Amino acid sequence: MRTLIVLRHAKAAHVAGLADRERPLTGRGERDAARAGEEIRGAGLRPEAVFCSPAVRTRRTAELAFPELEISYEREIYEAYPEELLDVLRRADPGLGTVVLCGHNPGVHELALGLAGGDYGFRPGAFAVIELGAPWADLHLGEGRLVARWDPHSGDEGS
């Protein structure tokens, strides 16, 4: 069994004239990103790898949530659709048990719903924990089970 944690970047600032990829987190975004990591560790989850978009807001989210981990920045995650995100995950080391994918909406939300179904929002800083039976290389939509989700605005929402 494998576990995927799909994490949307925390709240980002809108700064006139700044390229989308360069948008930083707000103060609340910084706090929410750190809280997301605390919630993940508090649930007993121990990610072994983090795949992250290279945008400033996702990089900072991952750094705050997982300061103890090396983060792999994957340009394909930026502005990706679910199938492109699956391609990133399919390249994961087969020995990894728990992986984080940190990216952007609508792609990460559509990925979580596509893997495990459900009907929920995915606000900035939210994450979904999905159990997967298939090896990373064979991962396809519909093959997961939502076991938990969290939103920084409403706390642990369970599944």
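Look above for the structure.
Conventions used here
Residues numbered from 1 in each chain as written. Predicted model: local features only at pLDDT ≥ 70, side-chain atom pairs only at ≥ 80, totals over all residues. Heavy atoms only, no water. Helix = DSSP H or I, 4+ residues; strand = E, 2+ residues; numbered from the N terminus. Rg over C-alpha atoms; globule rule 2.2 N^0.38 Å. Buried < 20%, exposed > 50% of the residue type's maximum accessible area, 1.4 Å probe, protein only. Contact = heavy atoms within 4.5 Å. Areas by Shrake-Rupley, 256 points an atom, 1.4 Å probe, with all protein chains shown as cover. Salt bridge = Lys/Arg side-chain N within 4 Å of Asp/Glu carboxyl O. Pairing = 2+ DSSP bridges.

Asker: Got a minute to help me understand the overall build of the protein chain in this structure?
Answerer: Counting its regular elements, the protein chain contains 4 helices and 7 strands. In sequence order, the secondary structure elements of the protein chain are arranged as β-α-β-α-β-α-β-α-β-β-β. The C-alpha radius of gyration of the protein chain comes to 14 Å, within 12% of the 15 Å expected for a compact globule of 159 residues. Dimensions of the protein chain, computed from C-alpha atoms along their principal axes, come out at roughly 45 × 30 × 30 Å. Looking at the protein chain as a whole, 49% of its 159 residues are labelled buried. Partitioning the intrachain contacts of the protein chain with sequence separation of at least 6 by distance along the chain shows that 65% fall at a separation of at least 24. Of the roughly 7300 Å² that the protein chain leaves accessible, carbon and sulfur atoms contribute 47%.

Asker: I'm lost on unusual backbone geometry in this one. Help?
Answerer: What is expected of a backbone is that most residues other than glycine have negative phi and most peptide bonds are trans. Residue proline 106 follows asparagine 105 across a cis peptide bond; omega there is 5 degrees. Mapped onto the fold, proline 106 is located in the loop between β4 (98-103) and α4 (107-116).

Asker: What should I look at first to understand the pattern of salt bridges in this one?
Answerer: Opposite charge on two side chains lets them pair, provided their charged atoms get close. Applying the stated criterion across every chain, the model contains 13 salt bridges. Note that arginine 23 and aspartate 20 form a salt bridge whose closest N and O atoms lie 3.3 Å from each other. By relative accessible area, which is 13% here, arginine 23 ends up buried. Linking arginine 57 and aspartate 20 is a salt bridge whose minimum nitrogen-to-oxygen distance equals 3.1 Å. With a gap of 37 residues between them, arginine 57 in helix α2 (residues 56-65) and aspartate 20 in the loop between β1 (2-8) and α1 (27-42) connect regions that are remote in the sequence. Looking at aspartate 20, the relative accessible area reads 33%, which means it is partly exposed. Overlapping salt bridges, with partners in common, bring together Asp20, Arg23 and Arg57 in one network.

Asker: What is the right way to look at the pairing of strand β5 (residues 127-132) in this model?
Answerer: The side chains of a regular strand alternate, first on one face of the sheet and then on the other. Counting buried residues along β5, 5 of its 6 residues qualify, which places the element largely inside the surrounding structure. Alignment of β1 against β5, held across 6 bridges, turns out to be antiparallel. When the sheet's bridge partners are listed, threonine 3 is paired in β5 with glutamate 131. Of the strand pairs in this sheet, β5 and strand β6 (residues 144-151) are connected by 6 bridges, and their pairing is antiparallel. When the bridges of β6 are listed, glutamate 131 appears paired with arginine 145.

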